[in-house]
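This is what each chain is made of:
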Amino acid sequence: AQTQFELVAQEGRVLQREATLALSGIEDTVDRVRRIGAGKVGVLRLGVTGSASYGVLPRLARSIKTRLPGVGLRIETEMLTPAQADALRNNRLDLGVLRTPLPENGLASRTLVQEPLVLAIPTAHPLAQRDGLTVADLAAEPFVTYDPAAGSVVDAAVVRTCAAAGFTPHREHLVNETATVIALVAAGLGVALVPASAHALSLQGVTYRDLPDTESVTLALAWRHDDDSPLLANVLRALAADFEETP
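As the structure is a computational prediction, the values presented were derived from the model and not from experiment. (Residues numbered from 1 in each chain as written. Predicted model: local features only at pLDDT ≥ 70, side-chain atom pairs only at ≥ 80, totals over all residues. Heavy atoms only, no water.)

A. Main features of the overall build of the protein chain. A tally of helices and strands in the protein chain yields 6 helices and 9 strands. A burial count over the protein chain gives 41% of its 247 residues as buried. (Helix = DSSP H or I, 4+ residues; strand = E, 2+ residues; numbered from the N terminus. Buried < 20%, exposed > 50% of the residue type's maximum accessible area, 1.4 Å probe, protein only.)

As structure tokens, then:
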């Protein structure tokens, strides 16, 4: 049988272990609070425009995960520039990946990449393999475009590109998502001018062609210029290290 002294000693060891675990938990909590305050832990609310979801987003997410493993992402995709600018201004997003120019004051931006518009055309279309193809060759074609009412920067660039070639695109189908644009082209419902990053959407029945006379569109990061969040500052530094800014 254990003596009273042995029982007291055993209880003391149990209490010591419990106290050690409690102190360890407190230290972990304090460390986490410090990391949150330093912007190393938290959730970044990120908006992403359509075609960037397939090109830039994987690289961007990988960069954040590698350099800031304590930062999680809450992502809203297929957001056009006006919608992202509104969400940033009203503090529903922390960071946007969008097409410039920005429609709102109070936002700062940093260029990620400039990419030309390319032709997405049904593979069976007679123009799909034609040599020396230019934008003017599309004048009689039905177009699949973004709905102009949505304020798409890409749509505005498409209109300017066609105007420079001497025509206004015949809008046969209006959509709001890049994936839907490409799907309708694959179905043979028209042609489209889309950012080069849409190449990542390699649907059967779609051929992409580089054209010599299209405009380029700019993809940029955008955030509230008065946002002093340490987490946002750390994310911007991480991305600056992995993306070369284009003048």
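That covers the picture; the talk isn't over yet.
B. Quick peek at the side chain of Arg-110. Examined against the element boundaries, Arg-110 turns out to sit in strand β4 (residues 107-122). Residue class for Arg-110 comes out buried when judged on its relative accessible area of 18%. Of the polar contacts made by the side chain of Arg-110, one reaches the backbone oxygen of Leu-236; its length is 3.0 Å. (Polar contact = N/O pair within 3.5 Å; in protein donor to acceptor, adjacent residues only side chain to side chain.)

C. Expanded view of helix α5 (residues 178-186). Thr-178, Val-181, Ile-182 and Val-185 are the residues of α5 that are buried. End-on view of α5: buried residues confined to an arc of 90 degrees, all on one side of the axis. Where α5 is buried, its residues meet β4, β5 (142-146), β6 (170-175), β7 (192-195) and β8 (206-209). After α5 finishes, the residue Gly-188 shows a positive phi value of roughly 85 degrees. (Arc of directions from axis to C-beta. Contact = heavy atoms within 4.5 Å.)

D. Main features of the pairing of strand β1 (residues 42-48). Bridge count for β1 against strand β2 (residues 71-76) is 6 bridges, and the pairing is parallel. The residue bridging Leu-46 from the neighbouring strand is Ile-75, located in β2. With helix α2 (residues 56-67) bridging β1 and its parallel neighbour β2, the resulting β-α-β unit is right-handed. Here 3 bridges tie β1 to strand β3 (residues 95-100), and the two strands are oriented parallel to one another. In the sheet register, Leu-46 faces β3, and the bridge partner there is Leu-95. (Pairing = 2+ DSSP bridges. Right-handed = clockwise from strand over helix to strand, strands pointing away.)

E. Broad picture of the nonpolar core. One finds Leu-44, Leu-60, Leu-95, Val-97, Leu-221, Val-235 and Leu-239 to be the most contacted residues of the largest nonpolar core, which totals 23 residues. Secondary-structure elements contributing two or more residues to this core are β1, α2, β3, β9 (216-224) and α6 (230-242). In this view, Val-97 contacts Leu-46, Gly-47, Val-48, Thr-49, Ala-52, Leu-60, Gln-84, Leu-112, Leu-219, Ala-220 and Leu-221; residues no more than four positions away in its chain are not counted. Counting 19 residues, the second largest nonpolar core, distinct from the first, contains Leu-119, Leu-133, Leu-211 and Val-217. (Core = buried A, V, L, I, M, F, W, Y, C linked by side-chain atoms within 4.5 Å.)

F. Quick look at the environment of Asn-91. Following the sequence through the fold, Asn-91 ends up in the loop between α3 (81-89) and β3. Counting along the chain gives 46 residues from Asn-91 to Arg-45, while the straight-line C-alpha distance between them is 9.5 Å. Leaving out residues up to four positions away in the same chain, Asn-91 has contacts with Arg-45 and Arg-224.

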